[in-house]
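Here is what each chain is made of, one letter per residue.
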Amino acid sequence: MSDILKSLIEIVGEKGVSNAPEELWFYSRDPGVLTPHLPDYVVAPKTTEEVQKIVQLACREKIPVVPMGNGMSLTGLVIPLKGGIVLDMKRMNKILEVNAMARYAVVEGGTSQGVLKAYLQKNHPTLRHSLPDAPPTTTIAANVALHGQGRLTNQYGFNSDMVTGLEVVLPTGDVCRIGSPSIGPYWFSKSPTLPDLSGLFLGWLGTTGIITKVGMKLFPNKKIREVELFVTDRVDLVPVILYKLTHLEMLEDVNVWFQPKPLMFLGNFHITLYFTGDTEEEIEFKRKMIWDTLQEFMDSKDGGFMSVQYMKEALLQMPGRNIADFADVPKGGGFEYSGPITIIEHFPQYAAKVVELARKYDVLYASSARLISGGHCMMFSISFAFNRNDPAMMIRVKHALDEATAFALEMGGIPWKPNYMEQKMVMEKMEPNALKLLQMIKKNLDPCGIMNPGNWEVNS
Ligand SMILES: Cc1cc2nc3c(=O)[nH]c(=O)nc-3n(C[C@H](O)[C@H](O)[C@H](O)COP(=O)(O)OP(=O)(O)OC[C@H]3O[C@@H](n4cnc5c(N)ncnc54)[C@H](O)[C@@H]3O)c2cc1C
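Residues numbered from 1 in each chain as written. Predicted model: local features only at pLDDT ≥ 70, side-chain atom pairs only at ≥ 80, totals over all residues. Heavy atoms only, no water.

### A word on the packing of aromatic side chains
Here the distance between the centres and the angle between the planes together describe a pair of aromatic rings.
Next, step 1: Under the counting rule described, the total for this entry stands at 15 aromatic pairs.
Next, step 2: Between the aromatic rings of F258 and F347, the centroid separation amounts to 6.1 Å while the plane-to-plane angle is 70°, which identifies the pairing as edge-to-face. A residue pair is termed long-range when its members are at least 10 positions apart, and F258 in strand β13 (residues 253–258) and F347 in helix α11 (residues 347–361) qualify at 89 residues. F347 shares its class with F258; the two are buried.
Next, step 3: With centroids separated by 5.3 Å and ring planes inclined at 65°, the aromatic side chains of F347 and F380 adopt a geometry described as edge-to-face. Pair noted here: F347 is in helix α11 and F380 is in strand β19 (residues 377–387), with a separation of 33 residues, a long-range link. Residue F347 shares its accessibility class with F380, and that shared class is buried.
Next, step 4: Here the aromatic cluster, defined as three or more aromatic residues joined through ring pairs, consists of F258, F269, F347, Y350, Y365, F380 and F407.
Next, step 5: Lying over the aromatic face of Y274, R151 brings its terminal NZ or CZ to 4.6 Å of the ring centre.
Next, step 6: Residue placement shows K417 over the ring face of W416; its charged tip is 5.0 Å from the ring centre. (Phe/Tyr/Trp six-rings, centres within 6.5 Å; stacked < 30°, edge-to-face > 60°. Helix = DSSP H or I, 4+ residues; strand = E, 2+ residues; numbered from the N terminus. Buried < 20%, exposed > 50% of the residue type's maximum accessible area, 1.4 Å probe, protein only. Lys NZ or Arg CZ within 6 Å of the ring centre and 35° of its normal.)

Quick look at the structure:
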């Protein structure tokens, strides 16, 4: 047994560490199209102190450490590109506190979305958090580490905007608290009049530290959730429709989706509008506002509301299952998406690009854009499904996704949860002094270069 393995067992116990080939195989890949790479060890800590000791050992021995939640980001972000330790955070899954009056929850760094959702439903049914449509096993800390978005993103912004405090193990092994918990016992804000240090960790994809605790804002869970579906075949009108809808300031989530299958959807742009209320009167008032706002498009016969009767249950599901079902359309269960963040005016150009790429690479597409912060921007997902048993199809999907990223950058968009190659493309385009700042931060926080190396690698 190697000295490293012995030391890891001393830290987390025998059940918390493995270098068995079948485990390493499993942790060498994610469900996307990037090439797998084996780690040397998989380690599953249970406490912040254990994370600290693992990082101290890794720092001493210059071993890469890749923090992992559920490994479902799809863009290879937890593939250990340079081997080393995959740090599986899932055993750190406790809900530490819910402050109902101040509307926040504090959870451990491996707590899943599903665990928090179930806990709130049982113990605080009037509260909810911004649940992404990712599988419920995905983790809250990972989601904010990649600037995820959820069901309340149109109202309140990126899920990372909803962070109220962090506990982080730095790449040197020091533990650090960020925001109000660095001053007192309350986790109510990540930057209450202080310089906002959370930016050193949010969006960094685990390359600057390991989040061991995260505080998240909670929001009112209204008694009734409703959905309306507006359909237009005029792609050029989508931005203005979205602009008018967001002017209402009453929609929790807005998604625009289009796909070629089943055929009834082809050529149409479907705008799904979610809104909530505590009474039927509130709901009907909001419904009327939505209908009135879109009346002009109905009068000009450019669009209309579609009955959601048969789809309502599926549309109201949280997390939604549509995109996961899409993975099975070509059989073989694979899908990956590029999701650039862009301004809503560019919707028509992105929509045309998805169709062009699908034709060029002969792959099946689906697309869904999610509005962020009342329309300040949107995440435009360019999704391609593939058969895992068809390597040629996977290569075509990879090329299509690479081209989608290049297009997004040309259009002034920003790739979301970028893979390591997309990160390089972003850094090549970045204004030199901004890049220097990025470099300075990374170098200072991670002097040994052990944190998720290959990602946001600006030291070289
Ligand atoms: C069907 C489907 C639907 C999806 N819908 C959405 C959606 O609606 N919204 C959305 O945002 N995403 C969505 N996703 C993408 C993704 O699944 C989510 O973003 C999810 O939150 C990722 O969580 P994870 O635990 O799987 O992250 P992982 O893939 O395990 O990790 C993601 C990144 O975070 C880092 N990381 C993990 N844990 C920590 C930690 N404790 N400290 C520091 N860094 C850490 C990792 O190193 C990696 O860089 C979807 C994915 C699928 C498959």
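Moving on, there is more to tell.
### A short note on the nonpolar core
Where a protein is soluble and globular, its nonpolar side chains tend to be buried together.
Next, step 1: Counting residues in hydrophobic clusters, the biggest one holds 49 residues, and the most contacted among them are L245, I271, F347, F380 and F384.
Next, step 2: In terms of residues, this core owes the most to one element, helix α12 (residues 391–410), which gives eight residues.
Next, step 3: Residues within four places of I271 in sequence aside, it is in contact with E228, L229, F230, I241, L242, L245, V254, N255 and V256.
Next, step 4: The next biggest cluster of nonpolar side chains, apart from the first, holds 26 residues, and it includes V98, L166, L218 and L445. (Core = buried A, V, L, I, M, F, W, Y, C linked by side-chain atoms within 4.5 Å. Contact = heavy atoms within 4.5 Å.)

### Some remarks on the sheet that holds strand β1 (residues 17–18)
Next, step 1: With mixed pairing, four strands are arranged side by side in an open sheet as β1-β2-β4-β3. In the strand order of this sheet, the two ends are held by β1 and β3 (65–68), each with one partner.
Next, step 2: Pairing analysis gives two bridges linking β1 to strand β2 (residues 41–43), with the strands arranged antiparallel. By the bridge assignment, V17 is partnered in β2 with V43.
Next, step 3: Along the sheet, helix α1 (residues 3–12) contacts β1, β2 and β4 (85–88); its crossing angle with β2, the most-contacted strand, is approximately 10°. (Pairing = 2+ DSSP bridges. Axes fitted to C-alpha atoms, helices over the stretch in contact; angles between N-to-C directions.)

### Describing the site of the ligand
Next, step 1: The ligand sits among 37 residues. The nearest are P67, N70, M72, S73 and Q149.
Next, step 2: Contacts to the ligand include P67, whose backbone N or O atom sits 2.6 Å from an oxygen atom.
Next, step 3: Here Q149 contributes a backbone N or O atom positioned 2.7 Å from a nitrogen atom of the ligand.
Next, step 4: Compared with its free state, where it exposes 980 Å², the ligand has 97% of that area covered by protein.
Next, step 5: Among the secondary structure elements, those contributing two or more residues to the shell around the ligand are β3, α5 (140–145), β10 (210–217) and β16 (333–338).
Next, step 6: Looking at the shell around the ligand, the element that brings in the most residues is α5, giving four residues. (Near = heavy atom within 4 Å. Polar contact = N/O pair within 3.5 Å; in protein donor to acceptor, adjacent residues only side chain to side chain. Areas by Shrake-Rupley, 256 points an atom, 1.4 Å probe, with all protein chains shown as cover.)

### Re the pairing of strand β8 (residues 163–169)
Next, step 1: Burial within β8 is extensive, with seven of its seven residues counted as buried.
Next, step 2: Here β8 pairs with β10 via six bridges, running antiparallel. From the neighbouring strand, G165 faces β10, where its bridge partner is G215.
Next, step 3: Two elements, β8 and strand β9 (residues 175–178), share four bridges in a ladder whose sense is antiparallel. From the neighbouring strand, V168 faces β9, where its bridge partner is C176.
Next, step 4: Taking the residues between adjacent antiparallel strands as the criterion, β8 and β9 are bridged by five residues, where G173 takes a positive phi near 105°.

### Structural notes on the domain arrangement of the chain
How big an interface is tends to be expressed through the accessible area that disappears when the partners come together.
Next, step 1: Partitioning the chain into domains gives domain 1 (3–90), domain 2 (92–220) and domain 3 (224–410).
Next, step 2: Relative placement of domain 2 and domain 3: their C-alpha centres are 27 Å apart.
Next, step 3: Overall, the association of domain 2 and domain 3 removes approximately 1,500 Å² of surface from exposure, summing both partners, and the carbon and sulfur fraction of that is 47%.
Next, step 4: Broken down residue by residue, the surface that domain 2 buries against domain 3 is led by D133, R151 and N154, which jointly contribute 47%.
Next, step 5: One can count three salt bridges joining domain 2 with domain 3.
Next, step 6: Taken together, the connections running from domain 2 to domain 3 amount to 10 residue pairs in polar contact (both at pLDDT 80 or more).
Next, step 7: Sort the elements by how many residues they give to the side of domain 2 that touches domain 3 and helix α6 (residues 153–156) lands first, with three residues.
Next, step 8: Here the side of domain 2 that touches domain 3 is composed, by residue class, of six nonpolar, six polar and four charged. (Domains from an automatic or database assignment. Buried area = accessible area lost by both parts, 1.4 Å probe. Salt bridge = Lys/Arg side-chain N within 4 Å of Asp/Glu carboxyl O. Nonpolar A, V, L, I, M, F, W, Y, C, P; charged D, E, K, R; others polar.)

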